[in-house]
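A structural walkthrough
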Amino acid sequence: MTLKDLADSRLFEVVNIGDDINRQITKTYCCDLLSIAMSRAPAGCAWVTVMGNINTLAVASLSDAACIILAEGVYLDDAAKSKAIQQGITVFCTNMPVFETALTVHRLLHA
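Each value, and the rule that gives it
The written sequence of each chain sets the order in which its residues are numbered from 1. With pLDDT at 70 or above as the cut-off, local features in this predicted model cover only qualifying residues; side-chain atom pairs require 80 or more to be listed or tallied, and sums for whole chains, interfaces and linings still use all residues. Side-chain descriptors were evaluated using all non-hydrogen atoms of the structure, hydrogens and water having been removed beforehand. For two strands to be treated as a pair, DSSP must find no fewer than two bridges joining them. In this text, helices come from DSSP runs of H or I with a minimum length of four residues, and strands from runs of E with a minimum of two, each type numbered from the N-terminal end. Convention adopted: a line fitted to C-alpha atoms gives each axis, helices being fitted over their contacting stretch, and angles between N-to-C directions are expressed from 0 to 180 degrees. Every residue pair with non-hydrogen atoms within 4.5 Å of one another is taken to be in contact. Throughout this description, the term nonpolar core refers to a set of buried Ala, Val, Leu, Ile, Met, Phe, Trp, Tyr and Cys residues connected via side-chain atoms within 4.5 Å. Relative accessibility thresholds used throughout: buried, under 20% of the residue-type maximum; exposed, over 50%; partly exposed, between the two (1.4 Å probe, protein chains only).

1. Digging into the sheet that holds strand β4 (residues 67–70)
Reading across from one edge, β1-β5-β4-β3-β2 is the order of the five strands in this open sheet, with mixed pairing throughout. Of all the strands in the sheet, the pair left with one neighbour each is β1 (13–16) and β2 (27–30). Here the average twist between neighbouring strands, direction ignored, is 25°. Two strands pair when backbone bridges link them, and β4 and strand β5 (residues 91–93) are joined in this way by three bridges, in the parallel orientation. Residue pairing for β5: Ile-68 is matched across the bridge by Val-91. Against the sheet, helix α5 (residues 98–109) touches β2, β3 (45–49) and β4, its axis set at about 170° to β2.

2. What about the nonpolar core?
Of all hydrophobic cores here, the largest spans 21 residues; its most connected members are Tyr-29, Trp-47, Leu-57, Ile-68, Leu-70, Leu-76 and Val-91. The set of elements that each furnish at least two residues to this core consists of α2 (34–40), β3, α3 (54–63), β4, α4 (78–87) and β5. Among the elements that line this core, the one with the most residues is α3, at three residues. If near-sequence neighbours (up to four positions away) are discounted, Trp-47 is found in contact with Tyr-29, Cys-31, Leu-34, Ala-37, Thr-56, Val-59, Ala-60, Ala-65, Cys-67, Ile-68 and Ile-69. In this structure, Leu-6, Phe-12, Cys-67 and Ile-69 belong to the second largest nonpolar core, which totals 15 residues.

Shown next, in the form of structure tokens:
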């Protein structure tokens, strides 16, 4: 499944579409502790978190995550949204809990 497929599913609100809309999502990853996510998030993952700040974008970039999905109704603050646009990072958001968000993406990946 590509980022475009996920955006087209309309399951999540699109906050920013990044530079590579055709990038493949390889798996789902959940973590809210940025230091752990930085070292363990697999490249190409859809990273589900409730951390909606500029540091999250840095970790997503360093770990080469395909996208960030902000769960639990969390949104990027204005500075972080500007940085996501500037760096071409794909970000989605949803009101669903973290587990349900990750499960939804997992099911789409294995459909």
